[in-house]
Amino acid sequence: MQLALEDVTKRFGEVTAVRHVSLEIARGEFVCFLGPSGCGKTTLLRLVAGLDTPDEGRIRLGDSDLTGISARDRNFGMVFQSYSLFPSMNVARNVSYGLHCRRWPAEKIPERVREILELVHLAEQTDRYPNQLSGGQQQRVALARALAPEPGVLLLDEPLSALDAKVRMTLREEVRRVQRRLGITTIMVTHDQKEALTMADRVVVMNDGVIEQVDEPTELYGSPATAFVADFVGAMNFLEARVESAGRVRLAGGTVLDCANWRTDAQSGAPVRLAVRPEDTRLERGANGGVDTIDARVEWIEFLGSSYRVDLRMQGGEAQLMSAELSANAIRERGLREGETVVVTLPAEHLWVYPV
Amino acid sequence: MSAVRGFAARLLSPARAHTSSKNLALTIAVLVPALVFVAYPLWAILHQSFLGADGQLGFENYTRYFTDPSFLKVIGNSFAVALPATALTIGIAYVFAYALHRSAIALKRLWYVIAMVPLFAPSLVQALGLQLLLGRNGLLNRTLGTEFDIYGYWGIFIADTLYALPHAVLIMSAALAVADARLYESARMLGASDWRMFRTVTLPATRYGLVSATFIVFTIVITDFGNPMVIGGDYGVLATEIYNQVSGQANFRLGAVIGIVLLVPAAVAVVIERRVARRQAAAITAGAVPLVPERQRALDAVLLGFVALVCLAVLAVVGMVVYASFVRLWPYNLTLTLSNYDFDVQGGYEPFLTSLKMALTATIVGVVMATLAAYVAQNSRTGLGRLLYFISILPAAVPGMVLGLGYIFAFNDPANPVYAIYGTILMLALNTVYHYHAQGFLTATTALKQIDSTFDEASEMLGGGFLRTFWQVHLPIILPSLVGLGVFFFMRSMVTLSGVIFLVTPGRNLAAVSVLLLDDSGETTQAAAFSTLIMLFVIAVLVGIQITLRAAGFRDVRLIR
């Protein structure tokens, strides 16, 4: 364990931005704070950075308590969404700024600047000024500037959000490559779940100032702890249902389903939310009216590139909506068209039950 | 001690409690001089105005003032000049700025520079030029044999219109320079006529500028001292009346009363102007597409004629001053000579050198104090920060003569520690800095807004301290704006008259005051020569700085404001 947040709370006037958050981050780990805007993820990052001070709780680095140590003295590297390169300095001077601040010996500075700029593939651009660089290049300079003084922790505040999609993809890999190479403990704030899932060793999902779940990306996607996580990470169908008996729920239309994954201890008869991912939703043409299947009508088929999304309206007692994601082949084999009736099968191992 | 710390922490932002004592020290370091040199003199003049002959506070002075019909007449006179002169100035300035920014007329830069010329001269130069042109011994009467008399109402009216014109043109230019071409394209797509587009797009977009300029021009005209002093004759206005009471009859308390009377309309105008200016800033959106004016032959011809006529008027008046400065004995002997530049009366070149020293001092002090005040006011969300903001823009509402008179009451007293610098160049410089503090402060505030707040945090994360961040990160960004700010203080210091008129001494005179005294003692050609000297010097400095800035790679730096 290297970085530890212990029961951290931060308020801004009436608003509590972060409430009683505890978290441990291992040395060399890449952690993403993920959540919608206003969830407290940026505040939490700024508390770690020392740019804000927690009202309660403390933050420790190794054995030392960071409370009372200013951002200036923490030697953490930070990359901002707006790049924040100093406009009056060229690339080399931007990168060496922190080295001068941290009183590196003068003769070591040029070597360190070259070394770190080579790492981000910008060794040729040392004399350029920020306004002569593209957004992606500027952000790589910002990364080099943050890393140059060998910071204890690297903090990334939505570093890719201002870039266009293509550049974002390549920079995603580059940040990860550099981070692995240096083995530096890293926290990245993002609202983009794809970014979090592809880059992080562990993802911290936040909502309304609290942590909803901390897990590896595959676990987070495959086993969401709360309905919020299930909804926020990836696409998810939510259906209204009631507990039928232990391990089973009943939909309003009468369908009774076996469910393997219970995230509630609701008793028989209690309302629950049933969740299933579109790609786990199976469907065949025709109508059989079985008790463990759902009859539905195809409302809309949308082409997504590598696959199709099929919007379905459930038939019978109640007209709930859900969607399924199918490969192009699956659509063709089944000869699916809008307006047709299909039978939906929901496998028990892919069904999640959450409290209402 | 800890109680003081606790108080400080509450006053300052709680997020940065660990740096609060440093911030508090800086806030106080900026606030104290502002209180001493703005608030205290104002309080002093207010106090004096209520001080009766028996030394008791009361309305004695005011009663005396408001029951005397001749004093009431002066108030009426002031408004009788200020209201129509404001209307005329705004009308001319609007069309002038419209021609510069919304038409395709030729020589725009030239017209603009000519319109700015009155800024480079003391406020009495227009009156001096008018006197030479239309006075009893003016060129007109001499050549045509007429008996035209410009002294009095019309003299003040024309002189002040010309004097206030550049200020109005600057504001109207700012309002008309930014236009969203998309609005005009939409209007045209919808079939709007040119007149309709002007009424529905142009006028609404510039209405805040229009209101703002109106109140600023009104303040300038009603508080102007130099022009009515030279050309007013028997037509007394508030500004000259203060001078007569104080300098002529040594009636300081009545001077204070008139000062307060003059302060009221100026303050009201400034309060309204500030409210409007805030909205103007928000009216321009980031996505606007710049408008490129199209050629419209007939309209362009009319506008060109108008602009040329206005410039002719400005140049005629200033040109008369320059011409007269080279004439042996106006208007009897018009042979050319340089002898007027000998300045054999009124201390020779001494006042000019004093003005130069004062201006350099005021430039340095002004840039530092206005920038620090803007910095503190922007970064401090405390009661002290708001107080500093208020004190910083308060001088906009205070006529120079009122502030100057306040300085006499406040500091001409051996018991006051500031008395140590009373009568020195530093005192004159401080008076000038705080006289023009509002405009300097607002300029500095705009400059500081160029600094992205994350620069501070980026520097902090990298271990940069306050000084390093300021010196290496902030300063290079705002340097061009600071040069512009320095030019502003320098220009105003070289031509200022009303603020310092009560503070100069025979031994330590200033250039603009010297012009007034020369004219007053009948040395018209020497007064003209001294004015010409000031104008040429200010213009030379401006051109020199512009060239230096270009050479250093800074483009589009606005030096005239």
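Given the structure is predicted, the values throughout are model-derived calculations rather than measurements.

About the cut-offs
- Residues numbered from 1 in each chain as written.
- Chains lettered and ligands numbered in written order.
- Predicted model: local features only at pLDDT ≥ 70, side-chain atom pairs only at ≥ 80, totals over all residues.
- Helix = DSSP H or I, 4+ residues; strand = E, 2+ residues; numbered from the N terminus.
- Buried ≥ 20, exposed ≤ 12 C-beta atoms within 10 Å, placed from the backbone.
- Contact = placed C-beta atoms within 7 Å.
- Rg over C-alpha atoms; globule rule 2.2 N^0.38 Å.
- Nonpolar A, V, L, I, M, F, W, Y, C, P; charged D, E, K, R; others polar.
- Pairing = 2+ DSSP bridges.
- pLDDT = per-residue confidence, 0-100.
- Axes fitted to C-alpha atoms, helices over the stretch in contact; angles between N-to-C directions.
- Parallel < 35°, antiparallel > 145°, perpendicular 65-115°, else oblique.
- Core = buried A, V, L, I, M, F, W, Y, C linked by C-beta atoms within 7 Å.
- Left-handed = near helix turned anticlockwise from the far one by under 90°.

A. Seen up close, the overall build of chain A. Helix and strand content of chain A: 10 helices and 21 strands. Expressed along its principal axes, the backbone C-alpha trace of chain A runs to roughly 80 × 45 × 35 Å. Burial statistics for chain A: of 356 residues in total, 40% are counted as buried. At a minimum sequence separation of 6, the contacts of chain A that also span at least 24 residues come to 66%.

B. Examining the overall build of chain B more closely. Secondary structure summary: chain B contains 23 helices and 2 strands in total. Against the 2.2 N^0.38 benchmark of 24 Å for 561 residues, chain B shows a C-alpha radius of gyration of 25 Å, consistent with a compact globule. With respect to the three principal axes, the spread of C-alpha positions in chain B is 80 × 75 × 50 Å. A total of 561 residues make up chain B; the buried ones form 48% of that total. In chain B, the proportion of contacts linking residues at least 24 apart, taken out of those at least 6 apart, comes to 80%.

C. Spatial organisation of the interface of chain B and chain A. Taken together, the contact pairs 17 residues of chain B with 22 residues of chain A. For the side of chain B that touches chain A, the secondary-structure elements that each account for two or more residues are α20 (453–461) and α21 (466–495) of chain B. Taken together, the residues of the side of chain B that touches chain A sort by class into 8 nonpolar, 5 polar and 4 charged.

D. Broad picture of helix α3 (residues 91–101) of chain A. Burial of α3(A) is extensive: 9 of the 11 residues sit out of reach of the surface. Taken as a whole, α3(A) has its buried residues at A:Val91, A:Ala92, A:Asn94, A:Val95, A:Ser96, A:Tyr97, A:Gly98, A:Leu99 and A:Cys101. Looking at the buried residues of α3(A), the elements they touch are α4 (109–119) and α5 (135–147) of chain A together with α21 of chain B. Within two residues after α3(A), A:Arg103 carries a phi angle of roughly 55 degrees, on the positive side.

E. A look at the pairing of strand β11 (residues 237–245) of chain A. All names here are of chain A. Across 6 bridges, β11 lies against strand β15 (residues 271–276) in antiparallel orientation. Within β15, the residue paired with Asn237 across the bridge is Val276. Relative to strand β12 (residues 248–251), β11 runs antiparallel, the two sharing 4 bridges. Looking at the pairing, Arg242 lines up with Arg250 of β12. Turn length for the β11-β12 hairpin, with the two strands adjacent in sequence and antiparallel, is 2 residues, and the turn residue Gly247 shows positive phi of about 80 degrees.

F. Quick peek at the confidence of the model for chain B. Residues and elements named next belong to chain B. Residues with a pLDDT of 70 or more make up 94% of chain B, whose mean pLDDT is 87. Put simply, helix α1 (residues 2–11) is where chain B has its lowest mean pLDDT, 41, and helix α18 (residues 425–435) is where it has its highest, 95. Low pLDDT, under 50, characterises residues 1–18; the stretch is placed with 19 contacts to residues that sit more than four places away or in other chains. Two numbers describe this predicted complex: its pTM, 0.78, and its ipTM, 0.85.

G. Here's a closer look at the sheet that holds strand β1 (residues 3–12) of chain A. Residues and elements named next belong to chain A. The antiparallel open sheet is built from 4 strands, whose spatial order is β2-β1-β4-β5. Two strands lie at the open edges of the sheet, namely β2 (15–25) and β5 (64–65), each paired on one side alone. As defined by bridge partners, strand β4 (residues 56–61) adjoins β5 across 2 bridges and the pair is classed as antiparallel. Bridged to Arg60 within β5 is Asp65.

H. Examining the sheet that holds strand β8 (residues 185–190) of chain A more closely. Residue and element names in this part refer to chain A. Within the open sheet, the 6 strands sit side by side as β6-β7-β8-β3-β9-β10. Their pairing is mixed. Bordering the open sheet on either side are β6 (77–79) and β10 (210–215), each of which pairs with just one other strand. The average angle at which neighbouring strand axes cross in this sheet is 15 degrees, direction not considered. With 4 bridges connecting them, strand β3 (residues 30–34) and strand β9 (residues 202–207) associate as parallel partners.

I. Structural detail: the packing of helix α15 (residues 350–379) of chain B against helix α22 (residues 511–520) of chain B. Residues and elements named next belong to chain B. Following both chains from N to C, one finds α15 and α22 inclined at 150 degrees, their axes separated by 8 Å at the closest point. Judged on the interaxial angle alone, α22 and α15 are roughly antiparallel. Listed contacts from α22 to Pro351, Phe352 and Ser355 of α15 are Ala511, Val513 and Ser514. Taken together, the residues of the contact of α15 with α22 break down into 4 nonpolar, 2 polar and no charged.

J. A look at the environment of A:Ser84. All names here are of chain A. One can find Ser84 in the loop between β6 and α3. Judged by local crowding, Ser84 falls into the buried class, with 25 C-beta atoms found within 10 Å. The sequence separation of Ser84 and Gln138 amounts to 54 residues, and the corresponding C-alpha distance is 8.9 Å.

K. Expanded view of the environment of B:Leu405. Residue and element names in this part refer to chain B. Along the chain, Leu405 turns up in helix α17 (residues 400–411). We classify Leu405 as buried; it has 29 C-beta atoms within 10 Å. When the C-alpha atoms of Leu405 and Ile501 are compared, they prove to be 8.9 Å apart, with 96 residues separating the residues in sequence. If we ignore the near neighbours within four places in the chain, the residues touching Leu405 are Ile45, Ile242, Val246, Gly255, Ala256, Gly259 and Phe502.

L. Layout of the nonpolar core. All names here are of chain B. By size, the foremost hydrophobic cluster in this structure holds 164 residues, and its most contacted members are Ala93, Phe96, Ala168, Met172, Ala373 and Leu405. When residues in this core are grouped by element, the largest group, 15 residues, is from helix α8 (residues 153–177). Discounting residues that sit within four places of it in the chain, Ala168 has contacts with Thr89, Ile90, Ala93, Ala213 and Val217.

M. Just the pairing of β2(A), in detail. Residue and element names in this part refer to chain A. Here 7 bridges tie β1 to β2, and the two strands are oriented antiparallel to one another. Within β2, the position partnered with Leu5 by the bridge is Leu23. Hairpin geometry of β1 and β2 is characterised by an intervening segment of 2 residues between the two adjacent antiparallel strands and by a positive phi of about 60 degrees at Gly13.

N. Molecular detail of the packing of helix α5 (residues 108–116) of chain B against helix α14 (residues 297–325) of chain B. All names here are of chain B. Packing of α5 against α14 brings their axes to within 9 Å, and their N-to-C directions diverge by 35 degrees. The two elements α5 and α14 meet at a crossing, and its hand is left-handed. Between α5 and α14, the contacting residues are Trp111, Ile114 and Ala115 on the first element and Val307, Cys311, Val314 and Leu315 on the second. Per-class residue counts for the contact of α5 with α14 are 7 nonpolar, no polar and no charged.

O. Main features of the environment of B:Leu51. Its location among the elements puts B:Leu51 in the loop between α2 (20–49) and α3 (60–66). When residues no more than four places from it in sequence are discounted, the contact partners of B:Leu51 are B:Leu57 and B:Arg253.

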